[in-house]
Amino acid sequence: MLGPQNAQDFIRALKAASDPPHVGGPLKIDIAREAWENTHLYVPNKAEAIVEWLLTRLLKDKSRDRQSNPLCDTRYWDLLARVLRSSGADKYGDHGRALRAWLVPLLNRVPIAPIVLSYLEVNATGDDVDLAQYKLFAQCIAILWPLAVPKFSPETLLECFGAALHSAVALGGPEVSDDHLQVLDDHRALSLIVSSYRASLSNSASKRKQIYTLFLQKHLESWLQATTRYSEGEAVHSPLASDIYDAGIETIFGLDILKPSADQKHESALADALERTLKVSPEIVLRPLPRLFASYVHTLKRHKGALFGQGSSQAPGQTADQLQVAAMAFYAACCALTQAGADDLSWSCRVALLGVVEREHLVNPKDDNAKARLRRDGDMAVEALTAAWDEQHLSRTTNAVKVLASLTRIDYDLMSVSSAVVFPRLATVPSSVSSALEFLNLLLEYDSKSRSLPTSIMHISDAFSVQHLQRIPGGPKGAYKVVASGPLTSLPFHDELSRAVHSFLTPGQVLETIADVKRTLEASYESFLEREARLSADRGEGPRKKRKKDTSLSEDRTEPEYYAVSFVLVARTVVVVLRSLPLHTLTEETRVEAQRAIGEVYSAVATRALEKSLQSNKKQSWHWQAVITGALRLHYGLVRMPEMQQQLHLNQAVLSSMLSSVTTPGFIPELAVEMFRTLLHQCSIATLQPTDVLDTFIGYLESHIPSQKTTWTGKAHSLSSDAEAALASLHLLADRWLPYFDMWSTPEHRKRFVRILTNVRLDDTVSGSGSGLTVSVVISRLLHDAHFWELLGIRDAFLAQLNEQAASLDQHELSALLSNSKATDSSRAAGDVLRYASVYHVLLLAPPEYLPRPLQVDLLKRGFVADVLTFRALSRAGAKISPRHLLVIREFLRRTISFLGNVDNVVTKEFLDYLVEHATANCEDGATDEDLSTVTMELINMYQGTLVRSAKRGSAELVTALLDRYGRHYTTEGPSTSRRAALLLVDSFVREASSTDFPEEVVHALGGLYKQMLAYSIKHLPTSAIPEVTLDLDVLNTWAHVQTLRRWLKAEDADVPSLGKGLVRRLLTWTGDQHRVGAFAPVVLSILLGEVQTATGPAEREERLQYLVVAYLSLGRVCGQHQAHTDPDTFSTEVSHLESRMGTACRAFSAEDFGLLLELIYEGLPLRSGLSTQDIASLIRFSAVVLHHAPEGTSRICQSFTTRCLNLFADEERFSTHSDLRKEVVDFIVRQCNDRPASLRTADLSSLWSLVRSLVASSSVHEPSTDAAVFQGVVNILSALVRLRRDLVLNTLPHLGFVLRQLVFCLRNLRPQLGGKQSRLVMDTLPRWIAPSQPLSSQESRALARLLTTLTTKTMVRVHGAAAETQKPESLVRPFSKHAAYVLTAYVEAVNDPLCFVSAGVRKELQPGLFALCDMLGEHNRDAMMVSALDTGGKATMKVLWKEYEKQRYVGKG
């Protein structure tokens, strides 16, 4: 049925009572859409009629169910959006005014607020959100809302804001998607509602309290939920989330709401609302609560003048006190809410709340209520640490410690009443709680400042008492393990305690501290003895005392193990305290008394415990062994006190007993390690003979040295077996006693020790060992230590042992192994191979300089045999033999051959053939196989280089045979490794000399190889269909070498295909793995270079050179971009390969070709050449490479090119301002000044100084990060000129002085907290490459000092000709003495600048250069400078500098 044909029918249809207007006809929405789309239907005010009908329909039917509700019908919103977007656009030039003319009256008749409310509520209650429909709704609201909102009341806007909250929560569900966020952020439907509500709230002062009440009753929960979801990481921090949060804060913390009233109903109303929400979901309240508290504090501070106005009767500063009281009252309310929350969440909330209190400085010392509240928090945190050892409550423990740390930072007095209780609880905190150390450091810091360290030390010692240890489950051993791994016994805490005692213990407290720790330690030991005596009496092993008749007191049934653990832990702390005592601050008399008191501690505890336990049978029990361990640790710590003058010795009976029982089975591992440490120390003070001790020690290692599966954490208490004890003992010897071992040991001792080292396979790995120590880790560290190789006795024994282990390889003949392809298959052979591989793995860690040359030659020959045996065992030994064993052996061979240099009589032709045939192991590990292939090719290249040099001297048989063999491989499609070796051999010939320097038979053999390589290449490279050429790297590399060999042989062949251009196009359009482009690019460039040199005419040669430069830029850009994305740290690796290939090829260019290449490069350097900045930077870098590899006879060409480049760089300002261009320009100049100083002429100085001046010139614009490489580059340029071209600098000394002044000014740093104008005043005097937040460091200061020192060094001018023979070394001391004062005044001005400072590190590193300037200046010029150039502050600075200079100046006496 057709729709309305005229306007009257259309209006009647829309106003009909039924829908559809006619039975069986279209629906009204279809009629409206068809009428809107029908441009031939004329209806006056068509848009107004359709919009009015749509809004009326949406308003009337908003309460229907979801299926019949037009709000949920996308057709209505689609038509409304289309009409509103395009209404009147064709008829009226100003669409906005035309739309507003009829839409505003319409919106006055039909309110849209109920429509928006209903849609958002329906949308929020639905199962899912129709994003397409919501997008249409947002488009409509974006147009309608600004026009309708002026008529809305604040209550209506509050309801709309509440609906927006519900919708935001629904859209930001747990699985929030990017589409949801896009809808929320892009169309701003909800943002318009929120912003309108905020504007209405600010303009409705009379209704704010009413709105506040309604908000708390209806919308607080939704607002908290939205705030939690959008502020805690579930979604991004969008502007909508910030607007929603700010709107809620303005509602509940408005100025009218916060004004104090008599009944304080606003606070109770908010608290009640939060409590109601807390019962529903604690997470909704507790997560945003700290942020809510912070916003409350910020609001109080913003309106403090209105809230706490200062009257005439109000004292100064009372406003701040009132603000703090109000804030802490709100904090108390927040803390009350945390009591009802979940455990971990409530503790996290407490930590965050205290963070706000600390950050905002809310605690007033006069506010007793706040202090009481905080003390309750501290007591609660201490109570939470009751079971701190339980890993199940790790989160609660962590947060409780954070609470205590925050309270300590706020006010230590809040914690002082609980400090005696805190330390025992902290002793059981797991080591993973890092905040515990922070808290302990805070306590030590306060005690240091308050000079109460003795009390703190006693509290720490009391934390290890038996009554506290008994609370820890697991018995005495479990308690010891928990406390020994806790923060009170950790090394970081002991270091801080030692520093505090040494730095802050007063002289008057030293004797008191010694007495206290002596009393504590003696009490601990006496308690142990008393309990042990009771236990012995109960067992009938000792004298039985009469039992007291008074049974009212309960008998102590505590196990003696607890007392032993307490003694061990107290002894640890006592050792730290006594060793750190500041005895140097005492008078002589007091120092002697203190040393006597320490000696009494030693004799009363350590000596008694060791004599009583070691000389009896009691040492077999665990608790006595623990006591011995503590006593030995106390003994070792006290006897090694640096300021202890008394000699503390153990008697011989104790030492003998210790030596005889150290290896007794059943001893705890920690005791064995302590005994070995004590015995070794006694040997060092000559109270024991080292021979017996070393016998016992090495025997213990031989018996218990662990396997690779044994790991140790590095903590003594964690030792649990004899294997771990042996590992710890080996680490102790390697780390501390190895020089003594070398001095004491006999040859037999050394032999046994190095046998232990060499029997460990370093290639073994432990899965999941983490950061624990293993035997291989200890030995690897030992072999990496240069001190180990300086010990002659151990080194000789070690090398002899390795030589002995490798000597069994001598029974194999290398020639027989290479000729016999079969070998005995046995497990014994596999074991031998593993042993050989382990030997060479150890040798690989040995510095070659420490290996005697004869030994290296022997090991090299044996390495050839080990290589063959390993390769044969690799295929049949299964998992025992891996390709890494073969890689280790070949890497040793490569390094040794490289170190020895001449290997003519070592490597045989048969072994070379073996390497070529077995270059890889064909293993599954591609990385290992690639590394093995690389090392093997380097080995082959070394030997082939030796053969080439021998052929040059006339020995041509071997190399000729090798060339014939390689040629056959190209004919018979041999292995690819042989072709790679052939290419390396060609490179060796080309690199060594020209073809005329070799015998005729060698050249003839090379010609045969060339023909076979050419035939192989032509066969695999089609001469047509260039775009379809298969990119086979092996074939392309062969083709590139064919071209190189053709030029070297000067062969005349028929035309060959030109593949370079097609290959470049293929690489530039490559869509596969971009890493392959980096591998192919150097080879393709080599092919292009070969085609350049085979060009027939000048025009063709110039064209190919142009294409070569363009190809280099394009390929360099592609490779650089790929590596920048994949591996930024190695950005220039592939580009460096391109440059290396280009530089090598340039040496073979003729002078004409080289000049043409430089001309082509120069044409692209100007900024107006049309190239991008990146390409120009690449060209500058390329030009430096080309000049560095310039062929002979091109010095004038290079000189002219350098001059033109310097002029260009000096004329164009962007070369010194653009970061990429500036970097390459500086590198170019540095390279020319260092590599080719003789090419610089006097005419170049104007451009050079102009460019350097622009680099250090001041600028009003600065880059975001400091580019220190520019400073280093300028220093390197000046240093090269001063050292190598002093003759040029002599004519331009004022320029040198000016640049040095600027470099000194660059070392300044902005003072903190400068204003914007002050910062600009300073920064405008600095170069653009210095950022305000990143000043130059001491490294740059050191470089400048080195340059200034170079001015005083006598050098020779680097020039050519007769002048070079007659010159003598001179320096710039006398010529520059007239300009030194200006550089020194620059330093004085920088130091005295009120807006800047020069850091101590920078000044210290700059001192040698300043002293060199003072030496040039002399006293006369110094006095003149003091009078004429310096003010009062400058004179003082100069006097200090001159005084330091006088101290270090050598005056020729003595």
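Residues numbered from 1 in each chain as written. Predicted model: local features only at pLDDT ≥ 70, side-chain atom pairs only at ≥ 80, totals over all residues. Heavy atoms only, no water.

A. Layout of the overall build of the protein. Secondary structure assignment for the protein yields 70 helices and two strands. Counting across all 1454 residues of the protein, residues that qualify as buried make up 53%. Surface exposure of the protein reaches about 65700 Å², of which carbon and sulfur atoms provide 50%. (Helix = DSSP H or I, 4+ residues; strand = E, 2+ residues; numbered from the N terminus. Buried < 20%, exposed > 50% of the residue type's maximum accessible area, 1.4 Å probe, protein only. Areas by Shrake-Rupley, 256 points an atom, 1.4 Å probe, with all protein chains shown as cover.)

B. Up close: the pattern of salt bridges. Enumeration according to the criterion identifies 52 salt bridges in this entry. The partner of Glu 530 in a salt bridge is Arg 534, and the shortest N-O contact between them spans 3.2 Å. Of this pair, Glu 530 and Arg 534 both sit in helix α29 (residues 507-539), separated by four residues, roughly a single helical turn. The partner of Lys 1447 in a salt bridge is Glu 1444, with the nearest N and O atoms 3.7 Å apart. Within this pair, Lys 1447 and its partner Glu 1444 are both found in helix α70 (residues 1432-1448), separated by three residues, close to a single helical turn. Relative accessible area serves as the criterion here: at 60%, Lys 1447 is assigned to the exposed category. With relative accessibility at 30%, the residue Glu 1444 sits in the partly exposed group. (Salt bridge = Lys/Arg side-chain N within 4 Å of Asp/Glu carboxyl O.)

C. Region of the structure containing helix α65 (residues 1338-1350). Counted at 1.5 Å a residue, the expected span for α65 with its 13 residues is 18 Å, and the 18 Å between its end C-alpha atoms agrees. Those residues of α65 that fall on the buried side of the exposure criterion are Glu 1340, Ser 1341, Ala 1343, Leu 1344, Ala 1345, Leu 1347, Leu 1348 and Thr 1350. As for α65, its buried residues are in contact with α61 (1268-1284), α63 (1293-1305) and α69 (1400-1428). (Expected span 1.5 Å × (residues − 1). Contact = heavy atoms within 4.5 Å.)

D. Broad picture of unusual backbone geometry. One non-glycine residue, His 361, adopts positive backbone phi at about 55°. Inspection of the secondary structure puts His 361 in the loop between α19 (343-360) and α20 (368-384). When its relative accessible area of 61% is taken as the criterion, His 361 is described as exposed. Here the phi dihedral of Ala 686 falls at roughly 65°; this positive angle occurs in a residue that is not glycine. For Ala 686, the position within the fold is in the loop between α34 (669-684) and α35 (690-704). Since its relative accessible area comes to 68%, Ala 686 is described here as exposed.

E. Seen up close, the nonpolar core. The biggest cluster of nonpolar side chains holds 472 residues, and the ones touching the most others in it are Trp 223, Leu 1300 and Met 1438. Other than its neighbours up to four places away in sequence, Met 1438 contacts Leu 1384, Val 1388, Cys 1414, Leu 1417, Arg 1422, Met 1425, Met 1426 and Leu 1430. (Core = buried A, V, L, I, M, F, W, Y, C linked by side-chain atoms within 4.5 Å.)

F. Up close: the packing of aromatic side chains. Counted according to the given criterion, the structure contains 39 aromatic pairs. When the centroid spacing of 5.9 Å and the interplanar angle of 25° are considered together, the rings of Trp 53 and Tyr 76 count as stacked. Here the residue Trp 53 occupies a position in helix α3 (residues 46-60), and Tyr 76 occupies one in helix α4 (residues 74-86), the gap between them amounting to 23 residues. Aromatic pair Trp 223 and Tyr 245: ring centres 5.7 Å apart, planes at 15°, arrangement stacked. (Phe/Tyr/Trp six-rings, centres within 6.5 Å; stacked < 30°, edge-to-face > 60°.)

G. Representation of the confidence of the model for the protein in the model. For the protein, mean pLDDT is 81; residues scoring 70 or higher make up 87% of the total. Low confidence marks residues 765-769, where pLDDT is under 50. Its contacts with residues over four positions away, or in another chain, come to four contacts. Overall, residues 1122-1131 carries pLDDT values under 50, and its contacts beyond four positions in sequence, including any with other chains, amount to eleven contacts. (pLDDT = per-residue confidence, 0-100.)

H. Quick look at the packing of α61 against α63. Orientation of α61 relative to α63, taken along the N-to-C sense of each, is 155°, at an axis distance of 12 Å. By the criterion of interaxial angle, the relationship of α61 to α63 is roughly antiparallel. Relative to α63, the crossing made by α61 is left-handed. For the pair α61 and α63, contact is made by Phe 1271, Val 1274, Val 1275 and Leu 1278 and by Leu 1296, Val 1299, Leu 1300 and Leu 1303, respectively. Within the contact of α61 with α63, the residues separate by chemical class into eight nonpolar, no polar and no charged. (Axes fitted to C-alpha atoms, helices over the stretch in contact; angles between N-to-C directions. Parallel < 35°, antiparallel > 145°, perpendicular 65-115°, else oblique. Left-handed = near helix turned anticlockwise from the far one by under 90°. Nonpolar A, V, L, I, M, F, W, Y, C, P; charged D, E, K, R; others polar.)

I. Geometry of the environment of Val 1002. As for its position among the elements, Val 1002 is in helix α49 (residues 1000-1020). Overall, the relative accessible area of 0% leaves Val 1002 in the buried class. Once you skip the residues sitting within four places of it in the chain, Val 1002 turns out to touch Ala 951, Ala 956, Val 959, Thr 960, Leu 963 and Phe 989.

J. Just helix α12 (residues 239-252), in detail. For α12, spanning 14 residues, the distance from its first C-alpha to its last is 20 Å, which sits close to the expected 20 Å at 1.5 Å a residue. Extensive coverage of α12 is indicated by the burial of ten of its 14 residues. The set of residues buried in α12 consists of Leu 240, Ala 241, Asp 243, Ile 244, Tyr 245, Ala 247, Gly 248, Ile 249, Thr 251 and Ile 252.

K. Region of interest: the environment of Glu 530. Under the relative-accessibility criterion, Glu 530 is labelled partly exposed at 44%. When the C-alpha atoms of Glu 530 and Tyr 563 are compared, they prove to be 9.7 Å apart, with 33 residues separating the residues in sequence.

L. Layout of the side chain of Thr 1194. Within the secondary structure, Thr 1194 sits in the loop between α56 (1173-1188) and α57 (1195-1211). On the accessibility criterion, Thr 1194 (1% relative accessible area) is buried. A polar atom in the side chain of Thr 1194 sits 2.6 Å from the backbone oxygen of Pro 1191. (Polar contact = N/O pair within 3.5 Å; in protein donor to acceptor, adjacent residues only side chain to side chain.)

M. Fine view of the environment of Gln 811. Along the chain, Gln 811 falls in the loop between α40 (792-807) and α41 (814-819). In this structure the C-alpha to C-alpha distance between Gln 811 and Arg 862, which are 51 residues apart in sequence, comes to 9.8 Å. Polar contacts involving the side chain of Gln 811 include one to the main-chain carbonyl oxygen of Ser 808, which spans 3.2 Å.

N. Broad picture of the state of the cysteines. For the structure on display, the rule yields zero disulfides. Unpaired in terms of disulfides, Cys 334 finds its nearest cysteine sulfur in Cys 335, a separation of 7.0 Å. (Disulfide = S-S within 2.5 Å.)

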